[in-house]
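# Residue-level structure breakdown
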Amino acid sequence: QEGKLIHYMGTVTDISDRKKLEIALQDSQKRLCEVLDTAIVGIIRLRFYCDGRMEYDYISPHCEQIFGFSRTELRSNPTLWRSRIHPEDWKTVVFPCMENVRQCKNNFYSDTIEYRFYHQDNSIVWILGRCFCLWNELGNYWNVTIVDTDISTRKQLELDLKFSEQKLNSILNS
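Residues numbered from 1 in each chain as written. Predicted model: local features only at pLDDT ≥ 70, side-chain atom pairs only at ≥ 80, totals over all residues. Heavy atoms only, no water.

### A few points about the overall build of the protein
Helix and strand content of the protein: six helices and five strands. Traced from its N-terminal end to its C-terminal end, the protein shows the element sequence α-β-β-α-α-α-α-β-β-β-α. For 174 residues, the compact-globule estimate of 2.2 N^0.38 gives 16 Å, and the protein exceeds it by more than 25% at 25 Å. Principal-axis analysis of the C-alpha atoms places the extent of the protein at approximately 115 × 35 × 30 Å. In the protein, which comprises 174 residues, the proportion classed as buried is 30%. A sequence separation of at least 24 residues applies to 47% of the contacts in the protein between residues at least 6 apart. Within the structure as shown, the protein displays about 12,200 Å² of accessible surface, and the carbon and sulfur contribution to it stands at 55%. Of note, the protein has its 22 positive side-chain charges centred 1 Å away from the centre of its 24 negative side-chain charges. (Helix = DSSP H or I, 4+ residues; strand = E, 2+ residues; numbered from the N terminus. Rg over C-alpha atoms; globule rule 2.2 N^0.38 Å. Buried < 20%, exposed > 50% of the residue type's maximum accessible area, 1.4 Å probe, protein only. Contact = heavy atoms within 4.5 Å. Areas by Shrake-Rupley, 256 points an atom, 1.4 Å probe, with all protein chains shown as cover. Lys, Arg positive; Asp, Glu negative; His and termini not counted. Charge placed at Lys NZ, Arg CZ, Asp CG, Glu CD.)

### Re the pairing of strand β2 (residues 54–59)
By the bridge criterion, five bridges tie strand β1 (residues 42–49) to β2 in an arrangement that is antiparallel. Pairing of L46 across the sheet is with Y56, part of β2. Connecting β1 to the next strand, β2, in antiparallel fashion are four residues, including G52 with a positive phi near 95°. (Pairing = 2+ DSSP bridges.)

### Comments concerning a nonpolar patch on the surface
Together, F108, F132 and L134 make up an exposed nonpolar region whose accessible area comes to about 310 Å². Relative to the assigned elements, F132 resides in strand β4 (residues 124–136). For F132, a relative accessible area of 36% gives the class partly exposed. (Patch = residues over 30% accessible without salt bridge, like charges linked within 9 Å, V, L, I, M, F, W, Y side chains within 5 Å. Salt bridge = Lys/Arg side-chain N within 4 Å of Asp/Glu carboxyl O.)

### Observations concerning helix α5 (residues 87–102)
Taken as a whole, α5 carries its principal kink of about 35° at V94; the proline P96 stands between one and four residues after it. Buried residues of α5: D89, W90, V94, C97, M98 and V101, and no others. For α5, the secondary structure elements touched by its buried residues are β1, α4 (80–83), β3 (108–118), β4 and β5 (141–150). (Bend = angle between axes of the 7 residues up to and from the residue.)

### Topic: the packing of aromatic side chains
On inspection of all chains with the given rule, the structure shows six aromatic pairs. With a centroid separation of 5.6 Å and 35° between ring planes, the pair formed by F48 and W142 is classed as tilted. Taken together, the residues F48 in strand β1 and W142 in strand β5 connect sequence positions 94 residues apart. Each of the two residues, F48 as well as W142, counts as buried. Here a set of aromatic residues connected by ring pairs shows up, and it is made of F48, W135 and W142. Directly above the aromatic system of Y49 lies the positively charged group of R53, at a separation of 4.2 Å from the ring centroid. Sitting over the ring of W90, R82 keeps its end group 3.9 Å from the ring centre. (Phe/Tyr/Trp six-rings, centres within 6.5 Å; stacked < 30°, edge-to-face > 60°. Lys NZ or Arg CZ within 6 Å of the ring centre and 35° of its normal.)

This is the structure we're talking about:
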């Protein structure tokens, strides 16, 4: 009466368990980021739409070394990656893989491809790409995770071996 508090009523909810779960989730996310960010392969997570558009969700730091472009450059220009693929490999390897993804609505799809990519310094980098795709019905796109490895050294060794074999065969057949 007269503006004085007569009684006080309230509720108290113990949120200790929820806070512990939040802290555990943050710790788990931090550890996962540490693993992804220190991997010696390039890891990309993107959304691939039916019309061919791609939106990057995650690009690991090692992609910069493999492709020669910063993560910011790749993320801000979704056509950059496609524009640097060797035209023959786009036609015979990468585009067919993307078409296979488009055929897999409601299914999981994975593939492994090898293709040539023009590094920012215009040298050719051979890429071993492993992609894992899952259709997202609500978003009407595929969630795609790609693990890229630079296999240029292996490809050069294969060429050197082939040349050596040809040279040896030439000598033996003379």
